[in-house]
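# Examination of the molecular architecture
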Amino acid sequence: MNKSKIWFKGLMGFGAFSIVATASLTVVSCQTIDYNDGYFDRPVNWYSPFNSKTGSSDAFANDACSILWDEEQQLFYSWMLFRDGKGFPSGWIEMTSPDLNTWKQGKYRIQQGSEFENLDDPSYSTSALGGSVWVDTKGQFFEKGDVVFVISMQPSRILNKNGSEEIGKSANTEMNRSIIKNEYTTDESGIAYFVSHGLGQDFYTSGVLSKECLNQDGTFDWRDTAVFETEDGVYFAISAHDRLEFYRINNFGNKPEDEGTEKISKVSELFVRNIGVEVPNVARVDENLWYVSASVQDNPFGGPFQSAWWSLCEWDKEKGFIPVHKNEKNEYVKYDLDKLQTRKAAYAVQKEQPNAKVIDWSKSENYKDLINPWIPNEYGTEGYAQRVVNPYQTQLQEAINENNDEKIKEYNNFLIARSMTSNWAYNTDIWSWKGGLYGSEKITWNEDHTDLVFMPNDKIAGHSDNGTAVYNLKGSDLLEGYTLKFDGKNFTFYLELDKNEENGKVVWNNQLVTGLKKWTNQGGPTDKDDEIIIVWNKSTLTFYNKTKNWNAHFMLPQGTKHTINEGAKSIV
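An account of the accompanying structure is given in this report. In this text the structure is predicted, and so the values were computed from the model without any measurement.

## A look at the overall build of the protein chain
- Per the secondary structure count, the protein chain includes three helices and 41 strands.
- In the protein chain, once contacts between residues fewer than 6 apart in sequence are set aside, the share between residues at least 24 apart is 60%.
- For the protein chain, the computed accessible surface area is about 23600 Å², with 46% contributed by carbon and sulfur atoms.

Listed below in structure tokens is the structure:
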């Protein structure tokens, strides 16, 4: 049973009730954040972008990027794709945080006319896409300690010194990629790089790592670079429609000895799903154990979708990443690559199921036994691109360089996952602001160092009147339904078990009108003893299964009223 009391918020109140009767009324007074737009119902600890020229909420940010810790400044730096308003082209905005929860918007770090010129019509064409940021701790390619941005680009001319000098050889200023063809431009889904002498510093050089899309399957899906470093070199992962591909960076073409050599070379690929694979993530979590994931989206065919499929992998410099699983001794062992689902097999299944947007491997007579090594992490209404990063990546690499086992162990034990949300892209009327979630979920090893644990990164304490509520439950609490009320409507989570009362899963029934076009109705596997955390954060709702390591995000209308259930805590 849910005992509850109603909380109201001035102007755009929130409150609701639960399954049983309510207690006394209390007024919530929420902090007003001045974004120069009159709205203040932004979730706590979410980064919400504002227009870099006017300070209004007329701005858009998506596809969260790397987080890097600057020890001298005692600040975390991060970046997102960004544009002022709905116009194009997009660039990258920079944010800083002292604690991975509170983010401050900074410089428009990569933008049209400064770091690049769009070669298509800039009134409607995206330019900068996803990417990542890496520190050259050894001085392998640039000066020791230089910060290197590696970014997927649409057709663009790459500029240097904040637009004051073009590094390309062509003097042609016409915005026509068929005319401008030299080594300092990118075609569709090329890769550019920009380098500074430190975090927060201006770029001093830039260039092109790959001029064009190297995906040869005809889709032109090849983007969102994730740079990572192993003992044998520097690499990047990149999404390619139905798979992740992994490339070695041989050089950046910035030295005389690089002339005429191959800048990048493909190592391997891992099949993920036959459609909708985007935004790869690679982060070291142990000596040779890596968290590898991709956002898996149903966006190409307009349906509700889950995102963020992950697997633990070992790295082999010849074979690339090899997914692992636990054996009967609870040890991680490598899968046989020949027994995994592959792109070639997926093409054969697609021929068997020509009308299937997402193929069903279980219905294939010849390929149903192939193994899918990926674990879905995120479900819900809007599963946008998710980034998973080690914010101490630079410190970890320096510890590896120094063979400092104590520091390696310290920095190998913490990842942050963030997801992005928006509204205008899907014609909803949920809120006035658009932006991304930062510090949403932390990933650490359990005490036995046998399993990763996913849970909210927010600090949680006793309940307060700040527009948030956190509920700690068990799977069994959902057997008869656990109800939250928003604007007088039920949002109920149920645990459904099979006939043997095993192999449970969570489903939900939402009666709240949101305006969303996309809405799923079920999440991942759940048992009666699983630890459940539900977080209401103003216009957002997140369901975490801490035991099974999955979550579901839901967008709620601006100013939604919620009734606080018994036992609630709050984000502080």
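## Observations regarding helix α2 (residues 393-401)
- Here α2 has its buried residues at T394, Q395, L396, Q397, A399 and I400.
- Its buried side turned inward, α2 meets β4 (59-70), β9 (128-136), β16 (223-230), β20 (277-286) and α3 (405-411).
- At the exit of α2 stands N403, carrying a positive phi of roughly 55°.

## Overview of the packing of aromatic side chains
- Applying the stated rule across the entire model yields 40 aromatic pairs.
- Centre to centre, the rings of W222 and Y247 are 5.6 Å apart; their planes meet at 80°, and the pair counts as edge-to-face. Pair noted here: W222 is in the loop between β15 (203-210) and β16 and Y247 is in strand β18 (residues 243-249), with a separation of 25 residues, a long-range link. For the pair W222 and Y247, a shared accessibility class is recorded, and that class is buried.
- Among the aromatic residues, ring-to-ring pairing joins Y379, F486, F491, F493, W508, F543, W550 and F554 into one connected group.
- A cation over an aromatic ring shows up here: R109 above the ring of F203, its NZ or CZ 6.0 Å from the ring centre.

## Some words on the sheet that holds strand β35 (residues 505-510)
- Here we have four strands laid out as an open sheet, ordered β33-β34-β35-β36, and antiparallel in their pairing. Edge positions in the sheet fall to β33 (482-486) and β36 (522-525), since each of these pairs with one other strand and no more. Going across the sheet, the axis of each strand differs from the next one's by a mean of 15°, ignoring polarity.
- Inspection of the sheet shows strand β34 (residues 489-496) paired to β35 by six bridges, in the antiparallel sense. Bridge pairing in β35 links Y494 to V507.

Definitions and cut-offs
- Residues numbered from 1 in each chain as written.
- Predicted model: local features only at pLDDT ≥ 70, side-chain atom pairs only at ≥ 80, totals over all residues.
- Heavy atoms only, no water.
- Helix = DSSP H or I, 4+ residues; strand = E, 2+ residues; numbered from the N terminus.
- Contact = heavy atoms within 4.5 Å.
- Areas by Shrake-Rupley, 256 points an atom, 1.4 Å probe, with all protein chains shown as cover.
- Buried < 20%, exposed > 50% of the residue type's maximum accessible area, 1.4 Å probe, protein only.
- Phe/Tyr/Trp six-rings, centres within 6.5 Å; stacked < 30°, edge-to-face > 60°.
- Lys NZ or Arg CZ within 6 Å of the ring centre and 35° of its normal.
- Pairing = 2+ DSSP bridges.
- Axes fitted to C-alpha atoms, helices over the stretch in contact; angles between N-to-C directions.

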